[in-house]
Each structure stands twice: as structure tokens, then as C-alpha cells.
Amino acid sequence: MIAVTLLLAVILGAATWLVIHNAQRAVTEEMQASIALAGDLVDNTIRRDDDALAAARQLSDIGHLRHLCLSLIERGEASPRGCTNPESAGAPAWFAALTRPESLPERRLAVAPDYSMVILADPDDEIAEAWQDTRGLLALLIVFYLATIVVVYRLFGRALVPVRRIDAALARIEHGDYGIRLPRFSLPEFDGIAAQFNHMAATLDAAQRENRRLREHSLRIQEDERHNIARELHDELGQSLTAIRADAAGILSRGKKLPPGVAESAEAIAAVAGQIYDQTRLMMQRLRPPGLDELGLDAALENHVAGRQRSHRDVSFVYSGNDRLADIPTPIAIHVFRLVQEALTNALRHGRPAHIDISVTLGTDRLQVDVRDDGRGFDTDAYRPGLGLSGMAERIDLLGGHLQVDSRRRHGTRIQADIPLA
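Let me begin by describing the structure that accompanies this report. Since the model is a prediction, treat every value here as computed from it, not as a measurement.

Cut-offs and rules
Residues numbered from 1 in each chain as written. Predicted model: local features only at pLDDT ≥ 70, side-chain atom pairs only at ≥ 80, totals over all residues. Heavy atoms only, no water. Helix = DSSP H or I, 4+ residues; strand = E, 2+ residues; numbered from the N terminus. Rg over C-alpha atoms; globule rule 2.2 N^0.38 Å. Contact = heavy atoms within 4.5 Å. Areas by Shrake-Rupley, 256 points an atom, 1.4 Å probe, with all protein chains shown as cover. Lys, Arg positive; Asp, Glu negative; His and termini not counted. Charge placed at Lys NZ, Arg CZ, Asp CG, Glu CD. Core = buried A, V, L, I, M, F, W, Y, C linked by side-chain atoms within 4.5 Å. Buried < 20%, exposed > 50% of the residue type's maximum accessible area, 1.4 Å probe, protein only. Pairing = 2+ DSSP bridges. Right-handed = clockwise from strand over helix to strand, strands pointing away. Axes fitted to C-alpha atoms, helices over the stretch in contact; angles between N-to-C directions. Parallel < 35°, antiparallel > 145°, perpendicular 65-115°, else oblique. Nonpolar A, V, L, I, M, F, W, Y, C, P; charged D, E, K, R; others polar. Phe/Tyr/Trp six-rings, centres within 6.5 Å; stacked < 30°, edge-to-face > 60°. Salt bridge = Lys/Arg side-chain N within 4 Å of Asp/Glu carboxyl O.

1. Section: the overall build of the protein chain
Then, number 1: Assigned secondary structure in the protein chain consists of 11 helices and 9 strands.
Then, number 2: Taken over the C-alpha trace, the protein chain has a radius of gyration of 52 Å; the compact-globule value for 422 residues is 22 Å, which it surpasses by more than 25%.
Then, number 3: Reported as C-alpha extents along the three principal axes, the dimensions of the protein chain are approximately 180 × 45 × 40 Å.
Then, number 4: Pairs at least 24 apart in sequence give 68% of the contacts found in the protein chain among residues at least 6 apart.
Then, number 5: Carbon together with sulfur atoms contributes 55% to the accessible area of the protein chain, which is approximately 25800 Å² in total.
Then, number 6: Across the protein chain, the mean location of the 48 positive side-chain charges is 11 Å away from that of the 57 negative side-chain charges.

See below:
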């Protein structure tokens, strides 16, 4: 619009200059023609009269004529009296100043030894006529200039409506909404862009769906594998360790009948078997939350928080949940449990908090998870998310939810997740 406006302004300026230049040339030519004609007529009139001075006085008494001013001057006078470039009364001062000739043409005729008849051009009437002819054209040019700007602005505004729609659609693509599609446009250029955009969005949507399916399948395989390993540890290794401890107890039951050193070895075997069993239980708890499949999410989280409290006695843990969490399906429950598990691990490993609050709230159709601590915190703008936060975000994204991480240095960290139950 700036370029169009400047171009029209240049055209308007050039047209205005051309109109004024033509008017000035017309005034000059009219003045020269009038001077030439009037000079011949006055000269013939004076020469035919016996008393040339008297005839000249009569003509001088006429004074102003159209385009002319007649004056009789005596020798020594520089300019005629009463003919000193009067201002044009029929045109604006700026127009008169632009169209008035720089020097008015004049003609001097000797009447007597001491007198001369001066014919001086008077452009007033001609400038007024030029203004009458020019102002309509100038007004038309100005109206054309303004109307063109308005029309071009409106046309550009209507033509660029697709650009705004394309820009809004790109913004939604940027935020991950790959289901957006553009309509058909009347302009073929924009319609081609819309077709390419829709193809791109469809490709991204299909890729996102496939990626989501693969991630969900990968996590499901991972959780199934953890569940199987935990079951194998419980069924096979657990039974074997129990049998070893039973054999060691059987050996110790013989008492004094044992050879020297056997009782000590049996006690060592029982102790090592007990340690291995305890480590196995911890491994099974990390692989599969105890009670999640049988008692539900609330019991699993409560048991996990209690275990964290036993291993970190210098930190105060507060868990808030309810019995309704037991009704949450296992595919959702395992992701929520892993979210809380990873959040507590990050807080204890990096934040050094004194207090951690864990809240899991079940609404009518949504599940809210809130984990906050009073630890060291970090700058979210300068921090590059690690595998822990990325894994949490991936799990919540697979559930169709939203994860938000808020943190400031020395003001703790808060992790919030909003998950739809549908």
C-alpha cells in the first residue's frame, strides 16, 4: 500500500505540474498575442489621427482592457501608473503565482517627443480563465487519487483474507494441531498453496498417528517386559532363595552334630540369601509397582511414597489421593504412577527439597496430578529437558493430556499433568 500510494502521489504530482505548466504557457502565449494585436491597432489609430497626442490621451483614459493595460507616460517615467502587476482576483494566490509569467510583455509606442504609449500585458483574466479550466481537472485528479487508494486498499484487504487464514492454520500446525485443513480459495495461487498445505498437514497427521502408535506400543512392550521380569524374579528367584534359606535353617537345626565351621557357613548362606531376597524385592518394586494390578493406583502410590519416606527420612512427603483412583484403568494408571515416580526421583536427585507434596485428583472426566517441592529449582528457559522430563511428557502426550513444568531457582519445582479419562 505504501508503494501504491507513493506511485499514485508521483503520478498526481506529475499531472498537476503538467496542468500548471500548460496553463502558464497558455497565459504567456495569450499575453504575447494580445500585446502584438493591440500594439498594431493602437499604432494605426494614433497615426490616422491628426492630433496623435490627443488620440493617445483618449486611449490612455480607457485604462484596463481584457489582457491589457493602456497608459500614456512622459519621458523619464520607468513604468506606467496604475499598471503594476495587479493580483489575479479569480484564482487562488498559489495558482496565480505559478502561472503568472516571470516578466509581463509590453510594447511602447512613441506618440510625441515627450510622450509614449505603453501597452502592458495584464494576465488577470487569462489566469482566472485558466483556473476555471484547470480546477475541475485538478479536482478530478485528487478524487481519482483518493478513490484509487481506497479501492486498492479494499481489494488488497479482500485478496489477502486467505493469507490470514493460512497464517492462522500455520500457527495451529506449530502447536501440534495437524487436523487443521484449509478450504478452497477463488484465487488459483492461494488455492494451490491451500492444496499443498492440506497435503502437508495430512502427511504430518498420519506421521504423528503412526509415531504415537509406535510409542504406545513401545511403552506397552516395555511395561509388559518389566511385568514379566518381576514375575520371573518373584516366582523363580524368590522360590530359590527361599529354598536356600530353608536349607540353611535345616543345617543349623542339627546343632552340635555339625562338624566344626559348618554352622558358621550356614548362617552366612542364610544372611546372603536374605540380602539377595531384599534386593530382589526392591528390583521387583521398581520393575512393577506392588499392588497396582490388585489394589489400584491409590494403594500403589501410597505404598511408593511410604517407601520413599523410609529411604529419605530428612524429607517430608505428603500424599493426597482417594479410593476412586482404584477404578482408573491399568493402562492409564501405570503412566500416572511412572510420572509420579520420575518426578520424585528428579526432585530427590537434583532439588534437595525438605518437603514434597503429591496430589492426585479424579474429576468427572479428567485426572489431575500435581507434584511440588521446595527444592533448589531451575531456570526453565535456560534448561534443556533431560530424558526424565521428556519421558514424562511422552507418557502424558500418549494419554492425550498436557504436562506443565514450572520452576524458578531457589523457589522449588511444580509438575502438573491434566489427563482426560476418555
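2. Focus: the nonpolar core
Then, number 1: The biggest cluster of nonpolar side chains holds 37 residues, and the ones touching the most others in it are Leu 297, Ile 356 and Ile 358.
Then, number 2: When contributions to this core are tallied by element, the ones reaching two or more residues are helix H9 (297-311), strand S5 (316-320), helix H10 (330-351), strand S6 (355-362), strand S7 (366-373), helix H11 (387-398) and strand S9 (413-420).
Then, number 3: The leading source of residues in this core is H10, at 11 residues.
Then, number 4: Ignoring sequence-local partners within four residues, the contact set of Leu 297 consists of Leu 292, Leu 325, Ala 326, Ile 328, Ala 333, Val 336 and Phe 337.
Then, number 5: With 25 residues, the next largest nonpolar core counts Ile 20, Val 27, Val 42 and Phe 95 among its residues.

3. Considerations on the pairing of S6
Then, number 1: With burial as the criterion, only one face of S6 is covered, namely that bearing Ile 356, Ile 358, Val 360 and Leu 362; the residues His 355, Asp 357, Ser 359 and Thr 361 on the opposite face remain uncovered.
Then, number 2: Both S5 and S6 contribute to a ladder of 5 bridges, which runs parallel. Counted as the bridge partner of Phe 317 is Ile 356 from S6.
Then, number 3: For the handedness criterion, the β-α-β arrangement of S5, H10 and S6 is classed as left-handed.
Then, number 4: Examined bridge by bridge, S6 and S7 share 7 bridges and lie antiparallel to one another. Note that in S7 the partner of Asp 357 across the bridge is Arg 372.
Then, number 5: Hairpin connection from S6 to S7: 3 residues lie between these consecutive antiparallel strands.

4. Some details on the packing of helix H1 (residues 2-48) against helix H4 (residues 124-159)
Then, number 1: Contact pair H1 / H4: the axes reach a minimum separation of 10 Å and the direction vectors enclose 170°. Taken together, H1 and H4 sit at an angle that is classed as roughly antiparallel.
Then, number 2: Across the contact of H1 with H4, the residue classes tally to 20 nonpolar, 4 polar and 2 charged.

5. Some remarks on the environment of Ile 269
Then, number 1: Secondary-structure assignment places Ile 269 in helix H7 (residues 262-287).
Then, number 2: According to the relative accessible area criterion, Ile 269 is partly exposed, its value standing at 44%.

6. Some words on the packing of aromatic side chains
Then, number 1: Going through the model one piece at a time under the given rule, you end up with 3 aromatic pairs.
Then, number 2: Put simply, the rings of Trp 94, Phe 95 and Trp 131 touch in pairs and so form one group of aromatic residues.

7. Some points on the pattern of salt bridges
Then, number 1: Across all of its chains, the model carries 9 salt bridges by this definition.
Then, number 2: Put simply, Arg 372 and Asp 370 hold a salt bridge, and the shortest N to O gap is 3.0 Å.
Then, number 3: For Asp 370, a relative accessible area of 14% gives the class buried.
Then, number 4: Residues joined in a network through salt bridges with shared partners are Arg 212, Arg 215 and Asp 397.

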